[in-house]
Amino acid sequence: MIPDTRQDMGVSDLLRFERVSKTFGRLKVLSEVNLAVRKGEVVCIIGPSGAGKSTLLRCVNYLETIDSGTIFFEGKPVYRYYVGDQVVIDSERRVEAIRTQIGMVFQSFNLFPHMTAIGNVIEAPIHVLREPVQRVRERAIALLEKVGLAEKADAFPHQLSGGQQQRVAIARALAMNPRLMLFDEATSALDPELVGEVLRVMRQLATEGMTMLVVTHEMAFARDVADRVVFMADGTVVEEATPEVIFSSPRNPRTQQFLQTILERNGRG
Amino acid sequence: MFSLGDMLSFLPKLLHGAGVTITVSIVSYVLAAVVGLVFGVARMTRFWPARAVATAYIQLIRGTPLLLQLFFIYYVLPYGGVVLSPLVAGVLGLTINYGAYMAEVFRSGIQAIPREQWEAARSLGMSRRLLMRRVVLPQAIRIVIPALGNFFISIFKDSALVSVISMRDLMFTGELLASATFKYFEIFTLVAIIYFVISYPVAKLVDYVERKFDISRGRMELVRT
């Protein structure tokens, strides 16, 4: 059973959006979004392209700024918020400290091409967290093993397939021991036969209790793994429920219509 | 009358001048690369005074002839109490001039690094300084190496201009010998041969480096899609 987030006043929320809005020029990409992610929870965001899913995700680690509303991380307002009627903008140092606790996996992997797989994984723990090299290396090897790429530790990104690159990218994010993992369409750029190996790693992470916020088009993944599924359209959260409810008896007509389209397409494919 | 013996008798002095030319070129080139890197990065910072200074420097240097810049350093600076030897003035002039052009090359190299690389680095909690040093510059430098190689050939040839402020380089030595002996043909032919014999292998080397890095750049592109 998933407890109602509104009941416990957000105490155990790891991440919370309160009336978050953002515009690009005249286009309102996020409109009064409210959303909470509890510790240990896997939340999948689905919806048509242009719904603001990725933008919402990118706001979590301040790759995008918001125009109004507040983002809370571990119960504290972050990045840009009001204290009384005074606006507070976090220092770069605090923003960076928060980012170290939030792992992000991108659609296009974004590995550092001039570093080996293990070089990518150890880079930030050594240079950002300033951990001892030996300990980081051991952890990196364990992580590469976990994503099934121990033998590729010394390969450069261009020598790896897309699926392998994405798994290295996941290991890179995990090396920071994040409290929250963000996945921004992590499998959308992959050839179909490589999607499975990445989803397997993500499933495993979920079973280990990692808190995850996942923007995805993989409906099977959302149905099987998510504790909660959020349907977004036109910059708003249209519907939010357990996967059972979303996928079998969605209440909102827009959710119904979206899922209909997806299912039809998959049926034909 | 043309005489091979004469030509050979000029050779030791000319080779000494060539040594000066090579030294000045290498020293100026290395210093200009450092200046270029610093100002190229300065052009990309969020700190606007640094950006303004870098932009002004680059525009000023690119908008005036190298010859004039050398005259300023050698003949005008003394009015402000700064008297430099021809060697120092020459190296300084070449450094300042080439530094400005190299800064633009470094800037374009930095700009060629896709936004996604910055985002990946930032998402790992890297500061701007750290991501510049560890992620952006190592990639940018690989991209600009072929362009920087061509600058060496240019600086080697442009260093002949420092002869006008009486630095005893290959060109100056040639002029000196020629005006004393009137053997213009022999001497300037010899000077040309020496310049070519040195710059041709360097040009070949640059071509090779360019091909090599073009391939690895292609690989880097492959990863990014």
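Residues numbered from 1 in each chain as written. Chains lettered and ligands numbered in written order. Predicted model: local features only at pLDDT ≥ 70, side-chain atom pairs only at ≥ 80, totals over all residues. Heavy atoms only, no water.

Enquirer: Would you mind showing me how to read the pairing of strand S9 (residues 180-184) of chain A here?
Expert: Residue and element names in this part refer to chain A. Most of S9 is tucked away, with five of its five residues classed as buried. The alternating pattern of S9 places Leu180, Leu182 and Asp184 on one face and Met181 and Phe183 on the opposite face, and all of these are buried. Of the pairings in the sheet, the one linking S9 to strand S10 (residues 212-215) comprises four bridges and is parallel in character. Note that in S10 the partner of Asp184 across the bridge is Val215. Between S9 and its parallel partner S10, the chain crosses via helix H6 (residues 192-207), and the hand of that crossover is right-handed. (Buried < 20%, exposed > 50% of the residue type's maximum accessible area, 1.4 Å probe, protein only. Helix = DSSP H or I, 4+ residues; strand = E, 2+ residues; numbered from the N terminus. Pairing = 2+ DSSP bridges. Right-handed = clockwise from strand over helix to strand, strands pointing away.)

Enquirer: Is there a simple way to explain the confidence of the model for chain A in this structure?
Expert: Detailed reading of predicted coordinates is not advised where the pLDDT is low. Mean pLDDT for chain A: 93, with 95% of residues reaching 70 or above. Per-residue pLDDT stays below 50 along residues 1-8 of chain A; that stretch engages in eleven contacts with residues further than four places along the chain or on separate chains. (pLDDT = per-residue confidence, 0-100. Contact = heavy atoms within 4.5 Å.)

Enquirer: What should I look at first to understand the sheet that holds strand S12 (residues 236-241) of chain A in this one?
Expert: Strands in a sheet are paired, the pairing made by backbone hydrogen bonds, and the direction either parallel or antiparallel. All names here are of chain A. Read from one edge of the open sheet, six strands run S8-S9-S10-S3-S11-S12, paired in mixed fashion. The sheet is open, and its two edges are formed by strand S8 (102-105) and S12, each paired on a single side. Sheet twist, expressed as the average angle between the axes of neighbouring strands with direction ignored, equals 20 degrees. Of the strands in this sheet, strand S3 (42-46), S9 and S10 are in contact with H6, which crosses S10 at around 150 degrees. (Axes fitted to C-alpha atoms, helices over the stretch in contact; angles between N-to-C directions.)

Enquirer: Mind showing me how you'd approach helix H1 (residues 53-60) of chain A here?
Expert: An α-helical turn contains 3.6 residues, so any two residues separated by three or four positions project in the same direction. All names here are of chain A. Extensive coverage of H1 is indicated by the burial of seven of its eight residues. Every buried residue belonging to H1 is among Lys53, Thr55, Leu56, Leu57, Arg58, Cys59 and Val60, and all of these are buried. Of the residues flanking the end of H1, it is Tyr62, one or two places downstream, whose phi is positive at about 65 degrees.

Enquirer: How should I be thinking about the environment of Phe247(A) in this particular structure?
Expert: Residues and elements named next belong to chain A. Structurally, Phe247 can be placed in helix H8 (residues 243-248). Separated by 183 residues in the primary sequence, Phe247 and Glu64 place their C-alpha atoms 30 Å from one another. Apart from the residues lying within four places of it in its own chain, the contact partners of Phe247 are Ile46, Met219, Ala222, Arg223, Val229 and Leu259.

Enquirer: Could you clarify how one ought to interpret the sheet that holds strand S4 (residues 68-73) of chain A in this entry?
Expert: Residues and elements named next belong to chain A. Here four strands make up an open sheet; going across it, the order is S2-S1-S4-S5 and the pairing antiparallel. Looking at strand neighbours, the two that pair on one side only are strand S2 (27-38) and strand S5 (76-78), the edges of this open sheet. This sheet shows a mean twist of 30 degrees between the axes of neighbouring strands, independent of strand direction.

Enquirer: Got a minute to help me understand unusual backbone geometry in this structure?
Expert: Trans peptide bonds make up most of the peptide bonds, and negative phi angles are found at most residues other than glycine. Residues other than glycine seldom take positive phi values, yet Asn110(A) does so here, at roughly 55 degrees. On the secondary structure map, Asn110(A) appears in the loop between S8 and helix H3 (117-127).

Enquirer: Mind showing me how you'd approach the interface of chain B and chain A here?
Expert: A common way to express how large an interface is: the accessible area buried when the components associate. Taken together, the contacts link 25 residues of chain B with 27 residues of chain A. Buried surface at the junction of chain B and chain A, summed over both partners, amounts to about 2300 Å²; 59% is from carbon and sulfur atoms. On the surface where chain B and chain A come into contact, there are six salt bridges. Measuring nitrogen to oxygen at the nearest pair gives 2.1 Å for the salt bridge that ties Glu92(A) to Arg46(B). Between the two partners, chain B and chain A, sit eight residue pairs in polar contact (both at pLDDT 80 or more). (Buried area = accessible area lost by both parts, 1.4 Å probe. Salt bridge = Lys/Arg side-chain N within 4 Å of Asp/Glu carboxyl O. Polar contact = N/O pair within 3.5 Å; in protein donor to acceptor, adjacent residues only side chain to side chain.)

Enquirer: What should I look at first to understand helix H3 (residues 66-76) of chain B in this one?
Expert: All names here are of chain B. Within H3, the full set of buried residues consists of Leu66, Gln69, Leu70, Ile73 and Tyr74. For H3, the buried positions fall inside an angular range of 120 degrees around the axis, keeping them on one side. Summarising the contacts, the buried residues of H3 are in contact with helix H2 (48-62), helix H4 (86-111) and helix H6 (128-158). (Arc of directions from axis to C-beta.)

Enquirer: Just to check I follow, could you spell out the nonpolar core for this structure?
Expert: Most often, soluble globular proteins have nonpolar side chains that are buried together. Residue and element names in this part refer to chain A. Residues Ile46, Leu144, Ile170, Met181, Phe183, Met202 and Met212 are the most contacted members of the largest nonpolar core, which totals 55 residues. No other element matches the eight residues that H6 contributes to this core. Excluding residues that lie within four positions of it along the chain, Leu144 makes contacts with Ile118, Val121, Leu149, Ala150, Ala153, Val168 and Ala171. Of all hydrophobic cores here, the second largest spans 52 residues; its members include Ile66, Tyr79, Val128 and Val215. (Core = buried A, V, L, I, M, F, W, Y, C linked by side-chain atoms within 4.5 Å.)

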